[in-house]
Amino acid sequence: MTASHSETPSPKPDASTFISDHQQVDRSKLSQMYLHYVETKDKYPHAILLYRVGDFFECYFQDAVKLAQELELVLTSKQAGEQGRVAMSGVPHHAWERYATLLVEKGYAVVICDQVEDASEAAGRLVRREVTRILTPGTLLEEGMLKSSRNNYLAAVVIAANHWGLAYADISTGEFLTTQGSDLEHLTQELMRLQPSEVLVPTNAPDLGSLLRPGETSPHLPQCLPPSFCYSLRSQVPFSQGEARPRLLQKFKVRSLEGLGCDHLPLAVRAAGGLLEYLEDTQKENPVPLQRLRSYTVTDYLIVDNQTRRNLEITQTVRDGTFHGSLLWALDKTSTAMGGRALRRWLLQPLLDIKGIRARQDTIQELMENTPLRQDLRQLLRQIYDLERLTGRAGSGTANARDLVALADSLSRLPELSSLVTETRSPFLKALQKVPTVLEELAQKLHAHLVESPPILIKEGGLIRPSVNPLLDERKATVEADQQWIANLEVDERAKTGISTLKVGFNKTFGYYISISRAKADQVPANYIRKQTLTNEERYITPDLKEREARILTARDDLNQLEYEIFTALREEVAQEAEVIRNLSRAVAAADVLCGLAELAVHQGYCRPEMLPGREINIVDGRHPVVEQSLPPGFFVPNSTQLGEESSVISHVSLADDQGQMTKDIDAPAASRRVEEMTNDNPDLIILTGPNASGKSCYLRQVGLIQLMAQIGSFVPARFARLGICDRIFTRVGAVDDLATGQSTFMVEMNETANILNHATSRSLVLLDEIGRGTATFDGLSIAWAVAEYIAVDIRARTIFATHYHELNELASILPNVANYQVTVKELPDQIIFLHQVQPGGADKSYGIEAGRLAGLPAVVIQRAKQVMGQIEKHSKIAMGLQNLD
Ligand SMILES: Nc1ncnc2c1ncn2[C@@H]1O[C@H](COP(=O)(O)OP(=O)(O)OP(=O)(O)O)[C@@H](O)[C@H]1O
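Please read these numbers as outputs of a predicted model, since none were measured by experiment.

Participant: Residue-level account of the sheet that holds strand β3 (residues 76-79), with values.
Facilitator: What the 6 strands build is an open sheet, ordered β3-β4-β2-β1-β5-β6; its pairing is mixed. The open sheet is flanked by β3 and β6 (129-135), the only strands paired with a single partner. Ignoring which end each strand starts from, the neighbouring axes of this sheet average 40° apart. Judged from the 4 bridges that link them, strand β1 (residues 48-53) and strand β5 (residues 110-115) form a sheet pairing that is parallel. For L49, the partnering residue across the bridge sits in β5 and is V111. Contacts from helix α1 (residues 32-43) reach β1, β2 (56-60), β3, β4 (85-92), β5 and β6, with the element oriented near 155° to β1.

What follows is the structure, encoded as structure tokens:
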């Protein structure tokens, strides 16, 4: 490796000594190769062009500068003909995937221009080079570039006034969906759920084709699109109805879009058509097989906004963003990569449909009751590789022989899987009963053709078994005979010359040669022609040897070529069956998720929640699914929850308090009428108090997680649960300053709270962990009070409101659908013991001063704090004070 390609940080290059803009060169003065480079670069102005030169992929001009900066490589220069020196940096060719992955992760598109013939074939002329691959963040297929546990989505959006269309595809698995809606907030939430690696946006920007990296802005990007994604600016044309529609019809070979369920969804169609055109444009070399387009409606699923997904730590923890410690971590007992991805999708898109939920529950129950079946299935599933992605690679022509062997191994497990589920009731398991014969035959054929452990490279032979193809066998025999001749040569020549150390060797430059130590050089026969002198040896060739060599190399090339052709034909056969394989893969993935959830339910002692259309949330002895798993067995203290039961509605509870004045004072006659009908035995809103670290947040999240788990069809960590379906789960927990947008903690908190108040319904679950802490105490308390009152009276969302403002406990005295609960502690003279038990009643004091005392604040400060506290409390009877308002 030359110093120019080493991975040490680049010293500041002297840019005056070379050209670093390909537009500025006089092309007539460029040598042939550089001319080809700049012409190729013209076609891909927005991507980084990696150009194969011998053992390296090199970049020149501006790309060289970018590559060196981004990957901390040395930036140097190279003579490019009469034009002079141009900026250059590069990476070793065998490691291109690693470097390209880093670039793509940073939001760049990468174009690979490879040598498509051997330098020796070029015989003096310019080696033929072609663009073999275009990599963008949303169009990856290479195994090493993708995370097996999650989908890699490419999305496309079309926005027209307040309406939007969104299509997305994972080209590695073939999934392709589209939807549209009329609330831009839903579009943002959908994008946040999908976390696409790349989003296509039709614009009339002058720099079409450019890729905005996360955080980069453009006036052409609609405001509602979150800045955290990569955006590809595309022309409007393929996103027009006139182009999108026929493109979809042609792609899926249908006469009308009705069959795809999107006939009535013009924006969804436009987004899907635009996405398809992008794939056709960027994947010309390797067209990817996509599954049939499906359409869906965002509001058919439980809406979990990004904030809530984050706060409930569904796929990663808030503190350090790790998978370990997330809900997915606690629930994932899947055995296949496909199952792992499906579970993630389920968690990010829980259901509203009770029938769908119950079908999943029934399967889990069946698998829990039938332990041998569950265990056999899991055992077998573990032997199934990532069929979805293997098929994708076969379809796009990027699979190697090992991929096909893995695919064949997996396909040949399917009949066993099918025989396990012959007696099952669940439709999810029944879907595995029928394995199409064509797949069994395909597996047999792949096994019969390919050797058991083929090499990674597919153009260098060693892939195909004997007796598959007579011509191949013949060529193999010739090559073997020639190789034997070479092997015998060493023995023969030793005998002939009497030189016992004589060896026959091979290298790329000289081909076969005879090596003799220099000390014996005088004994060399006359027909030996000296080719090279090394310190201790001389290397010779003979006319015979060269003649043989030419034959061997040609025969081997022919052999390898034939093997390659047989292999690509097999790969093509797999691609033909992509749809059948993927349909079955989906069934395997779902069965895997349900098996895993059943296993989890058995081992963690989960119960089957009874799912109802109403508003009730009744959890007996619920546990936090993640915290429970992080503590030693039996350490987690279970707690119950009772919220929003409709059956308990009674009609004669007056809003008036003991003094009989409140109905008038709240000044909300309509609301008060509704409130009159409720009881706080089954409240809508719980005010939860308790000292720091007593377990308020944990309890709050536990309720949210149980509800969410129930709506993906899972069993839940509780002794008993009866749960009404929620339309949305909202959370607000202690915010951190949002430095990126320059918003203060308090503004973030207020924005989040406003979002909840504007969108929650009586079917929503709202979890509030402190409101109003980021401002002056009285402002904060007043806002917290008003928010709680609004949610309880106007929205009637089922809510748990954890707070240190124990003044909020007074709300329960005036609103019958509010109840106070506290997390209990035991106070000893010099410590507080956390019992983690949630019990009815409000904490009568906050423990802040107590905590200060235990932390060692001077006694006089503590004493004074208590006096101040006493004074404040005298004046803070809020409910009574409100009575005096007009
Ligand atoms: N039910 C429980 N059983 C056992 N341990 C628990 C339980 N609930 C909480 N804990 C433990 O107590 C710790 C503190 O809990 P949590 O963060 O919920 O307290 P908090 O009351 O919200 O505190 P703060 O008011 O400071 O935010 C948790 O990390 C957890 O380990």
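Still more to cover.
Participant: Can you explain the site of the ligand? Please cite residues and give values.
Facilitator: Taken together, the neighbourhood of the ligand is formed by 15 residues, with V637, A693, K696, S697 and C698 sitting nearest. Within the backbone of V637, a nitrogen or oxygen atom sits 2.8 Å from a nitrogen atom of the ligand. Calculation on the ligand without its partners gives an accessible area of 630 Å², and the protein chains cover 72% of this total. Considering each element in turn, the shell around the ligand owes the most residues, 3 residues, to helix α24 (residues 696-711). Class assignment of the residues belonging to the shell around the ligand gives a composition of 7 nonpolar, 7 polar and 1 charged.

Participant: I'd like a rundown of the packing of aromatic side chains, residues and numbers included.
Facilitator: Scanning the entire structure with this criterion turns up 12 aromatic pairs. Their ring planes at 35° and their centres at 6.1 Å tell us that F176 and F252 sit as a pair that is tilted. Of the two residues, F176 sits in strand β9 (residues 175-181) while F252 sits in the loop between α6 (241-251) and α7 (266-282), which places them 76 residues apart along the sequence. Ring plane angle 50° and centroid distance 5.6 Å describe the contact between Y528 and Y540, whose orientation is recorded as tilted. In this pair, Y528 is assigned in the loop between β16 (511-517) and β17 (529-533) and Y540 in strand β18 (residues 537-541), connecting sequence segments 12 residues apart. Y528 sits in the buried class, given a relative accessible area of 7%. Here the aromatic cluster, defined as three or more aromatic residues joined through ring pairs, consists of Y34, Y37, Y51, Y60 and F61. The ring of F57 has R52 sitting right over it, with the charged end atom 5.7 Å from the ring centre. Geometry around Y564 places K459 over its ring, the cationic atom sitting 5.2 Å from the centre.

Participant: Before we move on, can you summarise the pairing of strand β10 (residues 198-203) with the specific residues and values?
Facilitator: For β10, a buried count of 6 out of 6 residues is recorded, marking the element as mostly surrounded by other parts of the structure. Covered by surrounding structure in β10 are E198, L200 and P202 together with V199, V201 and T203, the residues of both alternating faces. Sheet topology note: the strand β7 (residues 154-160)/β10 ladder contains 3 bridges and is parallel. In the strand pairing of β10, A155 is matched with V199.

Participant: Give a description of unusual backbone geometry that names residues and reports values.
Facilitator: With the exception of glycine, most residues fall at negative phi, and the peptide bonds are largely trans. The phi dihedral of Q195 is positive, around 45°, even though this residue is not glycine. Within the element layout of this structure, Q195 appears in the loop between α5 (184-194) and β10.

Participant: Provide a residue-level description of the packing of helix α12 (residues 371-381) against helix α20 (residues 578-604), including the pertinent values.
Facilitator: In a pair of packed helices, the angle between the axes and the distance between the axes together describe the arrangement. Packing of α12 against α20 brings their axes to within 10 Å, and their N-to-C directions diverge by 130°. Between α12 and α20, the angle falls in the class oblique. For the crossing formed where α12 meets α20, the hand is left-handed. Counted together, R374, L377, R378 and L381 of α12 and V588, D592, C595, A598, E599 and V602 of α20 form the full contact between these two elements.

Participant: So what's going on with the pairing of β17? Which residues, and what values?
Facilitator: Here 4 bridges tie β17 to β18, and the two strands are oriented antiparallel to one another. Across the sheet, the residue bridging to I529 is I541, located in β18. Turn length for the β17-β18 hairpin, with the two strands adjacent in sequence and antiparallel, is 3 residues.

Rules behind the numbers
Residues numbered from 1 in each chain as written. Predicted model: local features only at pLDDT ≥ 70, side-chain atom pairs only at ≥ 80, totals over all residues. Heavy atoms only, no water. Pairing = 2+ DSSP bridges. Helix = DSSP H or I, 4+ residues; strand = E, 2+ residues; numbered from the N terminus. Axes fitted to C-alpha atoms, helices over the stretch in contact; angles between N-to-C directions. Contact = heavy atoms within 4.5 Å. Near = heavy atom within 4 Å. Polar contact = N/O pair within 3.5 Å; in protein donor to acceptor, adjacent residues only side chain to side chain. Areas by Shrake-Rupley, 256 points an atom, 1.4 Å probe, with all protein chains shown as cover. Nonpolar A, V, L, I, M, F, W, Y, C, P; charged D, E, K, R; others polar. Phe/Tyr/Trp six-rings, centres within 6.5 Å; stacked < 30°, edge-to-face > 60°. Buried < 20%, exposed > 50% of the residue type's maximum accessible area, 1.4 Å probe, protein only. Lys NZ or Arg CZ within 6 Å of the ring centre and 35° of its normal. Parallel < 35°, antiparallel > 145°, perpendicular 65-115°, else oblique. Left-handed = near helix turned anticlockwise from the far one by under 90°.

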